[in-house]
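Each chain, letter by letter, is given below.
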Amino acid sequence: MVLPLLGGDFMFPFKSHALFSDKVCIKVNITNTKFMQTNNCHCNCNKYIICNGGERRVGYATYRDNNNIVLITHSVVKINNTYVDPTPCELGYNYRYFIDLADSIEDLQKIIDY
């Protein structure tokens, strides 16, 4: 059962580590960039691209909340084949797991339907 959250985000029961153990979910390092704001990923990516190049990729940041997986709409930057996240993490992590919708939408649906 998939539970919709605000703004197109989703939460679903955690049944398998498959989401974090295969290519669907990418571990993306959070850059230590000044002047970026939490909860403002789309603008942060645009600022980062102006200064450093790359392209903005839209997808989901993933979090585990008790026995649920939470998918939150999120943007990161892809430069060549490397992903970077210019948005600081309010939880203090130096990385996020990210699902790039352009690359993974069919695989994501398989996991949600699992």
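Residues numbered from 1 in each chain as written. Predicted model: local features only at pLDDT ≥ 70, side-chain atom pairs only at ≥ 80, totals over all residues. Heavy atoms only, no water.

Chemist: If you had to explain the pairing of strand β5 (residues 68–79) to someone new, which residues and values would you point to?
Modeler: By the bridge criterion, eleven bridges tie strand β4 (residues 55–65) to β5 in an arrangement that is antiparallel. Across the sheet, the residue bridging to E55 is K78, located in β5. Sheet topology note: the β5/strand β6 (residues 82–85) ladder contains three bridges and is antiparallel. If you follow K78 over to β6, its bridge partner there is Y83. (Pairing = 2+ DSSP bridges. Helix = DSSP H or I, 4+ residues; strand = E, 2+ residues; numbered from the N terminus.)

Chemist: Just give me the short version of the environment of H42, but keep the residues and values in it.
Modeler: In this structure, H42 sits in helix α2 (residues 41–52). Residues H42 and P86, 44 residues apart in the sequence, show an inter-C-alpha distance of 9.7 Å. A polar contact of 2.6 Å, which involves the side chain of H42, links it to the side chain of S75. (Polar contact = N/O pair within 3.5 Å; in protein donor to acceptor, adjacent residues only side chain to side chain.)

Spatial relationships are all this shows, so hold off on functional conclusions.
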